Amino acid sequence: MGSRRAPPRPAARPPVELVVIGASAGGVSALLTLLSPLPAGFRLPIVALLHLLPRRESRLCSVLSHALTLPVREPVDKETIQPGCVYVGSPDYHLLVELDRSFSYSGEPPVSFARPSIDVLMTSAADAYGPAAVGVLLTGANADGAEGMAAIRARGGITLVQDPADAEVPTMPEAAIARCRPDHILPLNDMPQMLLQLARTGGAR
């Protein structure tokens, strides 16, 4: 009797290297809840994008800096992404991740009625990081982010969406769930532990 071949092992997923977060209405409070528990040794870079009013100075960086253990800053054009840092986008410009894993800004027209656009950021992160990217979409009042989350998932990345029943405004999470069948739908308070797990293990679906 011939010997049986062992079934092929599933391909090991690459370690997570970037977390990209999008939010809109209710997003400041949600970001504080999500990011405040992360310790100083958290290794992953985080890029957080909120819909910001154009032609007005954003206080998001200052608000997060006072509440988080991790360093927070607005990236400059062509800045290389560094581990363990929280980056926040600037008003009235799209923020993109380039293939060399640096940042760039664009003044192209709004996408999904937004500039900065979560879709633009997440799609560029999916192109640059592929399966090493994690997309997180939180509370918000429009569908921006749904296409970006679909791009991350299509390239093998991991997608987390706030449970719409838990969101201050459920429209954005609902749109992402309808568009891309995310890997995880979680209450906001459960998301910090998920990010810690992904930083430790790389994360399986």
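Before any of the text, the structure's been laid out above.
Not measured: the values here are computed from a predicted model.

A. A look at the environment of Gly-145. Following the sequence through the fold, Gly-145 ends up in the loop between strand S7 (133-137) and helix H4 (146-154). Judged by its relative accessible area of 0%, Gly-145 falls in the buried class. Along the sequence, Gly-145 and Pro-173 sit 28 residues apart, while their C-alpha atoms lie 8.7 Å from each other. The residues contacting Gly-145, other than those within four sequence positions of it, are Ile-118, Asp-119, Met-122 and Leu-137.

B. Structural detail: the sheet that holds strand S4 (residues 86-88). Taken together, seven strands build an open sheet; the order of strands is S3-S4-S2-S1-S7-S8-S9 and the sheet is parallel. Looking at strand neighbours, the two that pair on one side only are strand S3 (72-73) and strand S9 (184-186), the edges of this open sheet. Along the sheet, H4 makes contact with S7 and strand S8 (158-162), crossing S7 at roughly 155 degrees.

C. Region of the structure containing the packing of H4 against helix H5 (residues 171-180). In contact at an axis separation of 8 Å, H4 and H5 are set at 40 degrees when each is read in the N-to-C sense. Considering their axes alone, H4 and H5 lie oblique with respect to each other. Remark: the crossing between H4 and H5 carries right-handed chirality. When H4 is examined against H5, the residues Ala-146, Glu-147, Met-149, Ala-150 and Arg-153 are found in contact with a partner set consisting of Ala-175, Ala-176, Arg-179 and Cys-180. Residues that form the contact of H4 with H5 fall into these classes: six nonpolar, no polar and three charged.

D. Local environment of the packing of helix H3 (residues 118-129) against H4. One way to put it is that H3 packs onto H4 with a least axis distance of 7 Å and a crossing angle of 10 degrees. Here H3 lies roughly parallel to H4, going by the angle between them. Facing Asp-119, Met-122, Thr-123 and Ala-126 of H3, the residues of H4 in contact are Ala-146, Glu-147, Gly-148, Met-149, Ala-151 and Ile-152. Residue composition of the contact of H3 with H4, grouped by class: six nonpolar, two polar and two charged.

The rules we used
- Residues numbered from 1 in each chain as written.
- Predicted model: local features only at pLDDT ≥ 70, side-chain atom pairs only at ≥ 80, totals over all residues.
- Heavy atoms only, no water.
- Helix = DSSP H or I, 4+ residues; strand = E, 2+ residues; numbered from the N terminus.
- Buried < 20%, exposed > 50% of the residue type's maximum accessible area, 1.4 Å probe, protein only.
- Contact = heavy atoms within 4.5 Å.
- Pairing = 2+ DSSP bridges.
- Axes fitted to C-alpha atoms, helices over the stretch in contact; angles between N-to-C directions.
- Parallel < 35°, antiparallel > 145°, perpendicular 65-115°, else oblique.
- Left-handed = near helix turned anticlockwise from the far one by under 90°.
- Nonpolar A, V, L, I, M, F, W, Y, C, P; charged D, E, K, R; others polar.

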